[in-house]
Amino acid sequence: MPPIVSVRDLRKRYGAIEAVRGISFDVEQREIFALLGPNGAGKTTTVEILEGLRPADGGSATVAGVDVLRDPAGVKERIGVQLQQSAFPDHYTAREMVDLFAIFYRRRVDALALLRAVGLEDRAGQLSEKMSGGQRQRLSIAVAMVNDPTVLFLDEPTTGLDPQARRNVWDLIRNIRERGTTVLLTTHYMDEAEILCDRVAIMDTGQIVALAPPRELIGQLLGRGFRKAVVQQQANLEDVFLDLTGHALRDE
Amino acid sequence: MSQILGYTLMLMRAYVRDRAALFFGFFFPLIFMVLFGVLNLGAFGHVNLGVVDQANNPDSASFIAAFSKIDTLRIYRGSQDDEIAALGKGDRDLVLVLPSDFRIAPQRPGTVAPSLVLYENTASPQQAGVGEAILRQAVDQLTFAVTQTAPVVGVRREDVAGRNLRYVDFLTPGVLGMTIMQLGISSVAFAFVVHRQKGVIRRIMATPISRRSYLAAHVLHRLVLAVLQVGVLLAVAVVGFHVAVVGSMLDLLVVTILGALLFLCLGFAVTGVVATEDAVPPVTQLVTLPQMFLSGVFFPRDAAPALLRPVANVLPLTFLNDALRDVSTNGATLFDIRGALLGLGVWIVISFVLAFRFFRLD
């Protein structure tokens, strides 16, 4: 199968700053793929170009068979997005929010089925602004699935969530992949990338410095003779936290 | 098109749940109307008339009784010195002196008709003018009655002047104009600046809806709101305050939509130059406040200082208020108010160009 996302020598410059310096990578169909990197590495810029939200200065990119640079509007039809630093308009219930976005895609959808898929069917009548962070994140994933996308872009999907809610979102992302959607996400959390992703690309100063499955990257590092200063314990504080507070979602 | 209509309906749905928007859109202008209308804060609903009866005969008594029945006149009686002093202090708008030779009788050739003397308070020209008109009317009718001639002029004029007199009649179109201005400028600026800052617009623009359709729905939504607001306010004015809308409702609708278009464009232009929510109130006030006070919302434009009058005459809200008021209180047709409509048209073009130049979604 050909890659569903294909990026070649992509470039973007903001004045004197070269945010993306000629990166290339492919994402395979039904993969969960992550772009990792410190703030300012160029992750969000890259993702926003692929989402058709920003023009690129050079290179090429196709997403779901659409040339993003030539047809940014066409890409939007085929992808689902969850943006960083974005918000939903106020005064809509979860169900209405799904219906609202269905209008933007000129589609008719079964809003309740989409909400059921993210575990929000019993919150269908609740105003989105009254929801907890985790609920809102799940709503935003439901909304991103309105057009039955080929590729789902998630920009920092679990930032600000408590450990229970993060795990719930991970399960959701896995379910979405199981149903045949490719997922491209960005994150600051290495545990998230390690647990969730098939492959990760690590970006720094606008370039990709490594691209491989997480296990492989860890193996390469160990192969170069890396040893942790402190011996890894069999559990960490998060395990303690989850052991004490359980895996059940708290915002229900 | 169905996308635009669908989105417009969703915008309406959110609007009816938005208490702040409802307050500013409906309740706030109603408060103005009730406050200024019921309490009559505008205070030119009455003409304070001092009457000095030097004749003190049956004729003068019946003459005074004739116009005592006119609601808009508040009649005070006193000596000439007292009444002139009261006029000087601003307690009277007009003082009428009936000379000692006052008679109601057809004049025989060769005699001189007794002349009424009218002192006017130049500080309240509006009231003095109205009072004088009423008195002339009374004198004319008296003349007709006595001389048995048919009235030839002035009957219609009294009708219109009588309607103009109530402050709430004057106020209502002004409040409508103000509401349309606020809807266009303040509500657009707040909605778009906040949505831009929070990333709501970014999220929507990540879907395939075009900018054009997105904006079209917002414009349509607010045009519908403008018509609803005007409808509700007019209904309250007519039912609650017995405001007589003389002109055609259809003409009012046309003027409302033109005014809403004008202020929406201006609102979009303002939104372009405001970056943050904090900057919205000062910038919108800068645009709306001068118009609230100079464009004849609460007071006639003549009340503005002479220096500002040339500016006041060409403000966008001035054209809107003039058009609304002329239709509502004078029964003017669209053809009669073509001057104001032309002014609105010129402003629509100017503000559209400004909006096109400055408005941005991101």
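Just so we're clear, the structure is a prediction, and the values are computed from it rather than from any experiment.

The number of helices and strands found in chain B is 14 helices and four strands. Taking all 362 residues of chain B together, 46% fall into the buried category. Taking all contacts inside chain B whose residues are at least 6 apart in sequence as the whole, residues at least 24 apart take part in 78%. Summed over all atoms, the accessible surface of chain B reaches about 17,300 Å², with 65% contributed by carbon and sulfur.

All names here are of chain A. Taken in spatial order, the six strands line up as β6-β7-β8-β3-β9-β10 in an open sheet, and their pairing is mixed. Each having just a single partner strand, β6 (79-82) and β10 (207-212) make up the two edges of the open sheet. Here the average twist between neighbouring strands, direction ignored, is 15 degrees. With five bridges connecting them, strand β3 (residues 32-36) and strand β8 (residues 182-187) associate as parallel partners. From the neighbouring strand, Ala 34 faces β8, where its bridge partner is Leu 185.

All names here are of chain B. What the largest pocket holds in volume is close to 1,100 Å³. Asp 18, Ala 21, Ser 187, Phe 190 and Ala 191 are the residues nearest the centre of the largest pocket, which is lined by 42 residues in total. Contributions of two or more residues to the lining of the largest pocket are made by α1 (2-16), α2 (19-38), α7 (167-198), α8 (200-205), α9 (211-241) and α11 (280-294). For the lining of the largest pocket, the element with the most residues is α7, which contributes 11 residues. Of the residues that constitute the lining of the largest pocket, the class distribution is 25 nonpolar, 13 polar and four charged.

Right, let's get into the sheet that holds strand β1 (residues 47-53) of chain B. Residues and elements named next belong to chain B. Judged by pairing direction, the sheet is mixed, and its four strands sit side by side in the order β2-β1-β3-β4 without closing on themselves. Lying at the two open borders of the sheet, with one neighbouring strand each, are β2 (73-77) and β4 (117-120). When the angles between neighbouring strand axes are averaged without regard to direction, this sheet yields 25 degrees. Inspection of the sheet shows strand β3 (residues 94-98) paired to β4 by four bridges, in the antiparallel sense. By the bridge assignment, Leu 96 is partnered in β4 with Leu 118. Across the sheet, helix α4 (residues 80-89) touches β1, β2, β3 and β4, and the angle it forms with β3 is around 160 degrees.

The axes of two packed helices give the description: the angle between them and the distance between them. Residue and element names in this part refer to chain A. Interhelical geometry of helix α6 (residues 163-178) versus helix α9 (residues 237-245) gives an angle of 95 degrees and a closest axis separation of 10 Å. Between α6 and α9, the angle falls in the class roughly perpendicular. Contact residues: α6 offers Pro 163, Gln 164, Arg 166 and Arg 167, while α9 offers Glu 238, Phe 241, Leu 242 and Thr 245. Partitioned by chemical class, the residues of the contact of α6 with α9 number three nonpolar, two polar and three charged.

In this section: the confidence of the model for chain A. Parts of the model with low pLDDT should not have their predicted coordinates read in detail. Predicted confidence across chain A gives a mean pLDDT of 92, with 99% of residues reaching 70 or more. Mean pLDDT across the elements of chain A bottoms out in α9 of chain A (85) and peaks in helix α3 (residues 94-104) of chain A (97).

On to the pairing of β3 of chain A. Residue and element names in this part refer to chain A. Among the five residues of β3, five are classified as buried, and the element is accordingly described as predominantly covered. Side-chain alternation along β3 places Ile 32, Ala 34 and Leu 36 on one buried face and Phe 33 and Leu 35 on a second face that is also buried. Bridge analysis of β3 against strand β9 (residues 199-204) gives four bridges, and the strand direction is parallel. Looking at β9, one finds that Leu 36 is bridged to Ile 202.

The next thing to look at is helix α10 (residues 249-273) of chain B. Each full turn of the α-helix corresponds to 3.6 residues, which orients residues three or four apart in the same direction. A rise of 1.5 Å per residue sets the reference length of α10 of chain B, with its 25 residues, at 36 Å; its end C-alpha atoms lie 36 Å apart and thus fit the reference within 8%. Capping of α10 of chain B at its N-terminal end is provided by Ser 248 of chain B; its side-chain oxygen lies 3.2 Å from the backbone amide nitrogen of Leu 250 of chain B.

Of all hydrophobic cores here, the largest spans 115 residues; its most connected members are Phe 101, Leu 139 and Leu 185 of chain A together with Tyr 7, Ile 204, Tyr 214 and Phe 263 of chain B. Top contributing element to this core by residue count: α7 of chain B, with 13 residues. Sequence-distant contacts of Tyr 7 of chain B, defined by excluding residues within four places in its chain, comprise Leu 100, Ile 103 and Phe 104 of chain A together with Ile 204, Ile 209, Tyr 214, Ala 217 and His 218 of chain B. Within the second largest apolar cluster, 31 residues are counted, among which are Phe 25, Ile 49, Ala 56 and Val 75 of chain A.

Residues and elements named next belong to chain B. Mapped onto the fold, Arg 92 is located in the loop between α4 and β3. In terms of polar contacts, Arg 92 uses its side chain to reach the side chain of Glu 83, at 2.6 Å. With residues up to four places along the chain from it excluded, the contact list for Arg 92 reads Asn 48, Leu 49, Gly 50, Tyr 76, Glu 83, Ala 86, Leu 87 and Asn 121.

Below, the discussion takes up the packing of α1 of chain B against α9 of chain B. Residues and elements named next belong to chain B. Two numbers describe how α1 lies on α9: the axes approach to 8 Å, and their chain directions differ by 50 degrees. Classified by the interaxial angle, the pair formed by α1 and α9 is oblique. Crossing angle aside, the handedness with which α1 passes α9 is right-handed. Residues Gln 3, Ile 4, Leu 5, Tyr 7, Thr 8, Leu 11, Met 12 and Tyr 15 of α1 form the contact with α9, whose own contacting residues are Ser 213, Tyr 214, Ala 216, Ala 217, His 218, Leu 220, His 221, Val 224, Leu 225, Leu 228 and Gln 229. Its residues assigned to classes, the contact of α1 with α9 shows 13 nonpolar, six polar and no charged.

Right, let's get into the pattern of salt bridges. Residue and element names in this part refer to chain A. The full count for this structure, using the stated rule, is 20 salt bridges over all chains. Of the charged contacts in the structure, one is a salt bridge between Arg 174 and Asp 171, with a shortest N-O distance of 3.1 Å. On the criterion of helical spacing, the pair formed by Arg 174 and Asp 171 is a turn pair, its members being three residues apart in helix α6. One connected set of salt bridges, linked through shared partners, spans Asp 9, Arg 11 and Glu 18.

Rules of the game
- Residues numbered from 1 in each chain as written.
- Chains lettered and ligands numbered in written order.
- Predicted model: local features only at pLDDT ≥ 70, side-chain atom pairs only at ≥ 80, totals over all residues.
- Heavy atoms only, no water.
- Helix = DSSP H or I, 4+ residues; strand = E, 2+ residues; numbered from the N terminus.
- Buried < 20%, exposed > 50% of the residue type's maximum accessible area, 1.4 Å probe, protein only.
- Contact = heavy atoms within 4.5 Å.
- Areas by Shrake-Rupley, 256 points an atom, 1.4 Å probe, with all protein chains shown as cover.
- Pairing = 2+ DSSP bridges.
- Axes fitted to C-alpha atoms, helices over the stretch in contact; angles between N-to-C directions.
- 1 Å grid on protein atoms, 1.4 Å probe; cavity = no way out; pocket = protein on both sides within 12 Å on 5 of 7 lines; lining within 4 Å.
- Points joined across faces, edges and corners; volume = space filled by probe spheres on them.
- Nonpolar A, V, L, I, M, F, W, Y, C, P; charged D, E, K, R; others polar.
- Parallel < 35°, antiparallel > 145°, perpendicular 65-115°, else oblique.
- pLDDT = per-residue confidence, 0-100.
- Expected span 1.5 Å × (residues − 1).
- Polar contact = N/O pair within 3.5 Å; in protein donor to acceptor, adjacent residues only side chain to side chain.
- Core = buried A, V, L, I, M, F, W, Y, C linked by side-chain atoms within 4.5 Å.
- Left-handed = near helix turned anticlockwise from the far one by under 90°.
- Salt bridge = Lys/Arg side-chain N within 4 Å of Asp/Glu carboxyl O.

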